Amino acid sequence: YFHRYYRLVFPILFITFIGLFLIKYLGDGPYYRRNWEFLVEPCKTKWWTNLLFINNIYPWENLQECLPWVWYLANDFQFFIVTPPIIYAYCKRRTAGYAIVLLLTFASMLVIGICTAVYNIPITLQGGEINSGDVLYSKPWARMGAYFVGAFFGFGYFELACQDKYPELKGTFMNRMYEALGCSRLRSILVAIFGTALTAVYVFPLRNYYID
């Protein structure tokens, strides 16, 4: 944990220092001062939230964050904190590890769905009854789904890469799935088509929205 923390915190300290004390001297123009004040002003009172990696939760309002573009570092660190216990559970019992990451992934989907319905947030996250960034965009419950999907397939890759070293991994579900796809070009093509179709279901409505 400490290694992860100090690897991230010093770059944030450096950027915060530049934002607070130097950025006002690095440019000029009619919009320059207004823009840097808008981005850096919260740092005068909220700089410490970046050092604790809670800036995506406090302050709650997305536009009140100190250096708002570093919101994902907070998400990344928060997810990292809960990852070692999940790995420990996986090492003790593989099904437990998979169950936890699937549960967290579906929990993220459920919370996103509830927030979308309650606050009438459109698919583009633009408009709606509230600022979507305050409840979804930078919040961990909206981002943890993608992270734990990666953890799910990370477990699968570990089983694939280490099956020769650990023979008990040879018969796992993920290895059987990899073997089934690897032995059949047709199956691989069908999976690729299915993934493309799922992407199109999301992308095409967005395209029509921006064209209109």
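Just above, that's the structure.
Criteria and cut-off values
- Residues numbered from 1 in each chain as written.
- Predicted model: local features only at pLDDT ≥ 70, side-chain atom pairs only at ≥ 80, totals over all residues.
- Heavy atoms only, no water.
- Axes fitted to C-alpha atoms, helices over the stretch in contact; angles between N-to-C directions.
- Helix = DSSP H or I, 4+ residues; strand = E, 2+ residues; numbered from the N terminus.
- Contact = heavy atoms within 4.5 Å.
- Nonpolar A, V, L, I, M, F, W, Y, C, P; charged D, E, K, R; others polar.
- Phe/Tyr/Trp six-rings, centres within 6.5 Å; stacked < 30°, edge-to-face > 60°.
- Buried < 20%, exposed > 50% of the residue type's maximum accessible area, 1.4 Å probe, protein only.
- Parallel < 35°, antiparallel > 145°, perpendicular 65-115°, else oblique.
- Left-handed = near helix turned anticlockwise from the far one by under 90°.
- Disulfide = S-S within 2.5 Å.
- Salt bridge = Lys/Arg side-chain N within 4 Å of Asp/Glu carboxyl O.
- Core = buried A, V, L, I, M, F, W, Y, C linked by side-chain atoms within 4.5 Å.

Novice: How should I be thinking about the packing of helix H4 (residues 71-92) against helix H5 (residues 94-119) in this particular structure?
Specialist: Packed helices, taken two at a time, are described by the angle between their axes plus the distance between the axes. Where H4 meets H5, the closest approach of the two axes is 4 Å, and the angle between their N-to-C directions is 145°. Taken together, the residues of H5 that come into contact with H4 (itself represented by Ile86, Ala89, Tyr90 and Lys92) are Arg94, Ala96, Gly97, Tyr98, Ile100, Val101 and Leu104. Of the residues that constitute the contact of H4 with H5, the class distribution is eight nonpolar, one polar and two charged.

Novice: Looking at this model, I keep getting lost on the packing of aromatic side chains. Mind explaining?
Specialist: In this description, an aromatic ring pair is defined by two values, namely the gap between the centres and the angle between the planes. A full pass over the atoms with the stated rule returns 19 aromatic pairs. A centroid spacing of 5.6 Å and a plane angle of 85° characterise the contact between Tyr5 and Phe53, whose relative ring orientation is edge-to-face. Of this pair, Tyr5 sits in helix H1 (residues 2-22) while Phe53 sits in the loop between helix H3 (43-51) and H4, placing them 48 residues apart in sequence. Exposure remark for Tyr5: the relative accessible area of 26% places this residue in the partly exposed category. For Phe53, a relative accessible area of 1% gives the class buried. With 5.8 Å between their ring centres and 35° between their planes, Trp48 and Tyr58 make a pair best called tilted. Remark: Tyr58 occurs in the loop between H3 and H4 and Trp48 occurs in helix H3; sequence separation between them is ten residues. Given a relative accessible area of 33%, Trp48 falls into the partly exposed group. The exposure class assigned to Tyr58 is partly exposed, which follows from its relative accessible area of 40%.

Novice: Even after reading the chapter, I still don't get the packing of H5 against helix H7 (residues 140-161), so can you show me in this structure?
Specialist: Interhelical geometry of H5 versus H7 gives an angle of 155° and a closest axis separation of 8 Å. By the angle between their axes, H5 is roughly antiparallel relative to H7. Considering how the two elements wind past one another, H5 and H7 form a crossing that is left-handed. In this structure, H5 uses Arg94, Gly97, Tyr98, Val101, Leu102, Leu104, Thr105, Ala107, Ser108, Val111 and Ile112 to contact H7, whose residues at the interface are Trp141, Ala142, Met144, Gly145, Phe148, Val149, Ala151, Phe152, Phe155, Gly156 and Glu159. Among the residues making up the contact of H5 with H7, the classes are represented as 15 nonpolar, five polar and two charged.

Novice: What am I meant to see in the side chain of Asn50 here?
Specialist: Within the fold, Asn50 resides in helix H3. Not counting residues up to four positions away in its chain, the partners in contact with Asn50 are Ile12, Thr16, Asn55, Cys66, Leu67 and Val70.

Novice: Is there a simple way to think about the state of the cysteines in this case?
Specialist: By definition, a disulfide is the covalent link that joins the sulfur atoms of two cysteine residues. Counted under the stated rule, the structure contains one disulfide. Each sulfur in the disulfide pair Cys43 and Cys66 lies 2.0 Å from the other. Note on the Cys43 and Cys66 pair: the S-S dihedral is about 95°, so by sign convention the disulfide is right-handed. Of the two residues, Cys43 sits in helix H3 while Cys66 sits in the loop between H3 and H4, which places them 23 residues apart along the sequence. The cysteine Cys91 is free of any disulfide, with Cys162 supplying the nearest cysteine sulfur at 11 Å.

Novice: What exactly am I supposed to notice about the pattern of salt bridges here?
Specialist: Oppositely charged side chains may form a pair once their charged atoms are brought near each other. In total, this model carries three salt bridges according to the counting rule given. Measuring nitrogen to oxygen at the nearest pair gives 3.2 Å for the salt bridge that ties Lys44 to Glu41. Between Asp164 and Lys170 there is a salt bridge; the shortest N-O distance is 3.2 Å. Classification of Asp164 as exposed rests on a relative accessible area of 66%. Given a relative accessible area of 42%, Lys170 falls into the partly exposed group.

Novice: When you look at the nonpolar core in this model, what are you seeing that I'm missing?
Specialist: A general feature of soluble globular proteins is that nonpolar side chains tend to end up buried together. Grouped together as the largest cluster of nonpolar side chains are ten residues: Phe79, Ile86, Tyr90, Tyr98, Val101, Met144, Phe148, Phe152, Phe155 and Met174. Those elements that place two or more of their residues in this core are H4, H5 and H7. Ranked by the residues each element gives to this core, the list is headed by H7, at four residues. Beyond its immediate chain neighbours, meaning those up to four positions away, Phe79 contacts Pro140, Arg143, Met144 and Tyr147.

Distances and angles like these do not, on their own, reveal function.
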